[in-house]
Amino acid sequence: MRPFSYERAPDANAAVKAGSADGAMFLAGGTTLADLMRLEVLRPRALVDLGGLALTAIEDTADGGLKIGALVTNDAVAYDPRVVERYPVLHQAILAGASPQIRNMATTGGNLLQRTRCPYFRDPQVAHCNRRVPGSGCAAIGGVTRSHAILGTSPHCIATHPSDMAVGLLALDALVHIHGARGPRTLPLDDLHLVPGNHPEIETGLQPGELITHVELPATRFAKHSHYVKVRDRASFAFALASAAVAVELAEGSIAEARIALGGVATKPWRADKVEAILVGKRPSLDLFVQAASAAVDGAKPQDGNRFKVELVQRTLIRALDEVMA
Amino acid sequence: MSESNVGKPLDRIDARRKVTGTATYAAEVAVANVAYAVVVGSAVACGELEAIDTTAARKAPGVFAVLTHENAPKLPTANDKSGHPDFKILQVLQDAKIFYADQPIAVVVADSLERAQHAALLVQPTFHAAQITSCQLAKGGEEYKPAHAGNRGPTDTSRGDFDAAFARAPIKIDATYTTPVENHNPMEMHSTIAVWQGNDHLTLYDSTQGIFNVRERIASMFNLPKENVRVINHFVGGGFGSKGSPWSHVGLAALAAKVVGRPVKLVVSRIQMQSLVGHRPTTIQHVALGCDAAGKLHAIRHDVTSETSRFDEFVEVAAVHTRMLYACPNVVTTHRLVRLDVPTPTFTRAPGASSGSYALESAMDELAYAAKIDPLQLRIANHATFDAQENKPYSSKSLLECYRRGAEAFGWVRRAKAPRQMRDGRWLVGYGMATATYPARQRPASAIARLRPDGSVLVQAGTQDLGTGTYTIMTQIAADMIGVPYERVTFELGDTTFPETPLSAGSFTAASTGSAVKMAGLALRDTLVALAVADPRSPLHGVPPLALAAADGALFVRERPQTREPLHAILARTGKPELTASYSSKENQFADDYSMHSFGAAFAEVRVDEELGVVRLARFTGAYAAGKILNPKTARSQYIGGIVWGAGMALTEAGVRDARSSRIMTRDLADYHVPVNADIPNLDVIMVDEVDPYVNEVGAKGIGEIGTCGAAAAIANAVYHATGRRVRDLPITLDKLLGDSRA
């Protein structure tokens, strides 16, 4: 680990100011950052600890939604009775991830900003990783690619976004509240994460020093009717090979509205809007789900090691739709 | 002996110390003035170091030294492994050659771990990197024939006429099975603290399965008489074979301590453990079986190809059990090696027996379906009452009873004959079974028993407790033999100043060290008896020795228990501070006359979510006969630990290398998938009673590894029964079951 400075920010403005410095990074639960610093993958010169910020509450919003402080731990969100009752997909997605020990440390904001598990990214002795060393190439392409993405990839990066929680949030139309040097702003979650394109090192739309303060769950008619299915290599404590978060509103036996998000297969939490378009206005049936799921992998670019994901993610999605209708 | 302790499910003596954190493992020993060493590994897998710039590292705060091949002391005998084929060729900074990724190329020593880790990042190597030839075992690779099948007999065997018998057999299976790299990943990482006393005496606190191996290897490396090296190791957090012989880090710690002139602690990181401490090698196994319509085997062929490193040799002896497991007149087995740009593989829980049983027992399952015979009946029809390879009877064999008891407990009778016939909602259900076997060996071992003035007993032997319960069972044996209460016996281990014992491996600790402890205890009791009956001051004076018994810390006349004398009174009259008795047991004296093995039967139920390819182990029953069970509680833990290894082998575990660089890409426990609790159902273990008068003095065959044998095959066979899909490549991950069609 490289030497670094440490300060604990007293409030959001101070955090933004300190976090804007070159080489500064925010420290929340530390479950990603401390790990990657020890591996020498991340080399911040300054850590700005957010632990003193008052972002630890889950509040009701005026329109009947929830506003989750960025420092609320993953388990606290998962087990909040309002989340369990009104946003089941989020409850399920969080509990499908990590372990109780990690979820008790990891925060809402930190979960969204966790880094990829690509083994080439995590091994600093691998020279070629565009995320770690911009412009150095991508060792994953042509290598061990079982865990990698088939959607949202570029010739420069195929790393999967590992979060389960973010996939659940995406199916709930979550909004991300951000505080920065120029004041607060709000982004739809889908706009927070970026596909790698030509610049895999730029992972989010956050500007230097910008801080996630809250995640807002709007009140929607589909949220309560939501579900998460995760498929992985062992029964627990493994990242998704494929996952699907689905939320649907039924009206008179037809699908009035749908939100579909996929995990484990894409370079960012993946909104499958083409699937949604196929589902809406139709009566649910297995045939419909099969047809819709095939749209999820339009344009998929598998590697030698993850070709199976093209089929797996469709089946995962079909399962999720089947179960949410049950 | 009165068996008031042996055979009882006693709690581990060290349980409280372990759960309260007071059991001191090697890296936790408080050593004054200790410095911290960190190993720097090679980024490339092949070639040479061109240069290694340590300027920045040496200038970093707190750094005492940076050792590289350019400045490390020369150790001309570092890789002299004469007489020890199981010792490994080590990389202790003696030259610039690179043979595998992560190979040690420098050691940084500093005043804190963090400073050493930081400085390690400042070491700047440059390589003449050569393109690796291959790190993937493949058919048609450049095989060679090793001189022996490791320490397990000839490389190849042939009896009868396989070719003719196979050609004639009406029912045949001819299939190839592959198994991946498995990494041991014990909870406790390998660690060493090296403390020099002057120039020629060295103490090592080392996490090892064999303190005497470490002593011998390190003494030879530094050209010291072995008495000058003391190795201490009171607790080990698992080894599974990876701590069987010393790896490079032990030598590096001693080397670094010599250079910096103070004690040095070196802990191998979890990531480095995937490369620096051995692994189970990949295998390609060809199995051909031929039987008649009744299922009687007429031909068995098992050809094993496994990987080894460019610079050293390890043979995964996967076909050796095939030589004797089933009654069959025509049997061929072979072992071949392919050199790859990888670190040297090593013994991994049930070496050969687990990987080999996956192939053989999968093929037996395939043969059962081909012959339309129940897989269990096929095994019973081919039960061997005689070891045809060794031409010896078995010292004991209760396999048929294992089949019967296991099948009954599991409910094998409920199995549908054909695949894909059992279902529970979305889940396809399958049953599978396999035979398990592991050799029962005994190695020379010594122990000393000491009676102390307060009537307590101290027993010492230099063995190790890997977490298996060695402390506990040795205490049980000693208490019963000497006739003192269990609470009055202390057993000490893990110190080369104690009597010499073999390493803790090969499932032979109970057999070897247990026999020595038993016989030392008996010798102590005999000494006490002789003193008492010869002494007019003893109430036992003149009693024939055979009329005496010992219990509760006293000798007494068996027919008149009130005529007794406490052991401490006998000692007191001698005027000595203690009475001692030692014993050195030999290798098994009946080994020339009998073939000695444990046997068992493994039964698995899996559930397969076919649409998603997901397999879950739902139930497992293992019935094993392994001679005397010294402690059913610690024994059950050994068995279920072994079965969990089998479950990992079958379903989740694989060390994966990048084919271009030979770097291992499963570098931590998030990517290398050992089963987690949620993967493991309740495991039903049946210990079949077995009395073996020949196997060794304590009658125990050893149980550390047989649980792993057969388990992977039983699970793989259950997957076939559930799905009708035969996966011949472990682990059975979901992509191998997805197929093309949706259910």
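The notes below deal with the structure included here. The residue numbering used here restarts from 1 in each chain and proceeds along that chain's sequence as written. The lettering of chains begins at A and the numbering of ligands begins at 1, in the order of writing. At least 70 in pLDDT is required for a residue's local features to be given in this predicted model, at least 80 for side-chain atom pairs to be given and counted, and no such filter applies to totals for whole chains, interfaces and linings, which use all residues. Side-chain numbers here rest on the full set of heavy atoms in the structure, without hydrogens or water.

Focus on the overall build of chain B
Operational definition: Secondary structure elements are defined from DSSP: runs of H or I of at least 4 residues count as helices, runs of E of at least 2 residues count as strands, and each element is numbered from the N terminus. Here the globule rule is a power law, 2.2 Å times the number of residues to the power 0.38, and the radius of gyration is based on C-alpha atoms. Using a 1.4 Å probe on the protein chains alone, a residue whose accessible area is under 20% of its type maximum counts as buried, one over 50% counts as exposed, and one in between counts as partly exposed. In what follows, residue pairs with any heavy atoms lying within 4.5 Å of each other are defined as contacts. Per-residue accessibility takes into account occlusion by the displayed protein chains alone, with areas from the Shrake-Rupley method and a 1.4 Å probe.
On a plain count of helices and strands, chain B comes out with 16 helices and 30 strands. The C-alpha atoms of chain B give 27 Å as radius of gyration, which agrees with the globular expectation for 743 residues (27 Å, within 12%). Principal axes of the C-alpha set define a box for chain B whose edges measure 85 × 75 × 50 Å. Considering chain B as a whole, with its 743 residues, one finds that 63% of them fall into the buried category. Here the analysis covers contacts within chain B between residues at least 6 apart in sequence; of these, 80% occur between residues at least 24 apart. By element, 52% of the accessible surface of chain B is carried by carbon and sulfur atoms, the whole surface being about 25900 Å².

A short note on the interface of chain B and chain A
As a reminder of what qualifies: Throughout, the accessible surface (probe 1.4 Å) given up by two parts as they are put together, summed over both, is called the buried area. Any carboxyl oxygen of Asp or Glu within 4 Å of a side-chain nitrogen of Lys or Arg constitutes a salt bridge here. Polar contact is defined as a pair of N or O atoms within 3.5 Å, subject to the rule that within protein one atom must be able to donate a hydrogen and the other to accept it, and that residues adjacent in sequence are counted only when both atoms are side-chain atoms. Just so you know the grouping, Ala, Val, Leu, Ile, Met, Phe, Trp, Tyr, Cys and Pro go in nonpolar, Asp, Glu, Lys and Arg go in charged, and all remaining residues, Gly too, go in polar.
Taken residue by residue, the interface counts 41 residues in chain B and 39 residues in chain A. For the chain B and chain A pair, buried surface summed over both sides reaches about 3200 Å², with 52% attributable to carbon and sulfur atoms. In this structure, the connection of chain B to chain A is made through 9 salt bridges. Note that A:Asp123 and B:Arg663 form a salt bridge whose closest N and O atoms lie 2.7 Å from each other. At the surface where chain B touches chain A, the tally comes to 18 residue pairs in polar contact (both at pLDDT 80 or more). Sorting the residues of the side of chain B that touches chain A by element identifies helix 3 (113–122), strand 29 (614–625) and helix 16 (735–738) of chain B as the ones contributing at least two each. In terms of residue count, helix 3 of chain B provides more of the side of chain B that touches chain A than any other element does, 3 residues in total. In the side of chain B that touches chain A, the residues fall into 16 nonpolar, 8 polar and 17 charged.

What about the sheet that holds strand 11 (residues 254–263) of chain A?
Pairing between the strands of a sheet is mediated by backbone hydrogen bonds and can be parallel or antiparallel. Residue and element names in this part refer to chain A. Our working definition: Here, a strand pair is defined by DSSP locating no fewer than two bridges between the strands.
One open sheet holds the 4 strands; their spatial order is 9-10-11-12, and the pairing between them is antiparallel. Whereas interior strands pair on both sides, the edge strands pair on one side only; in this sheet they are strand 9 (226–231) and strand 12 (270–271). By the bridge criterion, 9 bridges tie strand 10 (residues 242–251) to strand 11 in an arrangement that is antiparallel. Bridge pairing in strand 11 places Ala244 opposite Leu262.

Notes on the pairing of strand 11 of chain A
Residues and elements named next belong to chain A. Among the 10 residues of strand 11, 8 are classified as buried, and the element is accordingly described as predominantly covered. In the sheet, strand 11 pairs with strand 12 via 2 bridges, with the strands oriented antiparallel. Directly across from Leu262, in strand 12, lies its bridge partner Trp270.

Description of the sheet that holds strand 27 (residues 579–585) of chain B
Residues and elements named next belong to chain B. Stated formally: To obtain each axis, a line is fitted to C-alpha atoms, and for helices this fit is confined to the stretch in contact; angles are then taken between N-to-C directions over 0 to 180 degrees.
If you walk across this open sheet you meet the 4 strands as 23-22-21-27, and the pairing is mixed. What marks the edges here is a single partner per strand, and that holds for strand 23 (489–492) and strand 27. Taking the axes of each pair of neighbouring strands and ignoring which way they run, one obtains an average angle of 15° across the sheet. Pairing of strand 21 (residues 445–451) with strand 27 involves 7 bridges; the strand directions are antiparallel. When the sheet's bridge partners are listed, Arg450 is paired in strand 27 with Thr580.

Considering the state of the cysteines
As used here, a disulfide is simply a covalent bond connecting the sulfur atoms of two cysteines. In plain terms, the rule: Note on terminology: pairs of cysteine sulfur atoms within 2.5 Å are recorded as disulfides.
A complete count under the given rule lists 0 disulfides over all chains for this structure. Take A:Cys118: it sits in no disulfide, and the sulfur closest to it among the cysteines is that of A:Cys129, at 6.0 Å. Since its relative accessible area comes to 6%, A:Cys118 is described here as buried. The structure places no disulfide on B:Cys46, whose sulfur is separated from the nearest cysteine sulfur, that of B:Cys135, by 11 Å.

Regarding the packing of helix 12 (residues 509–533) of chain B against helix 13 (residues 567–574) of chain B
The axes of two packed helices give the description: the angle between them and the distance between them. All names here are of chain B. Going by this rule: Angle categories: roughly parallel below 35 degrees, roughly antiparallel above 145, roughly perpendicular from 65 to 115, and oblique for all the rest. Rotating anticlockwise by less than a right angle from the far helix to the near helix defines a left-handed crossing, while the corresponding clockwise rotation defines a right-handed one.
The interhelical angle for the contact between helix 12 and helix 13, taken along N-to-C directions, is 70°, at an axis separation of 10 Å. Judged on the interaxial angle alone, helix 13 and helix 12 are roughly perpendicular. Considering how the two elements wind past one another, helix 12 and helix 13 form a crossing that is left-handed. Residues Leu528, Leu531 and Ala532 of helix 12 form the contact with helix 13, whose own contacting residues are Leu567, Ile570 and Thr574. Per-class residue counts for the contact of helix 12 with helix 13 are 5 nonpolar, 1 polar and no charged.

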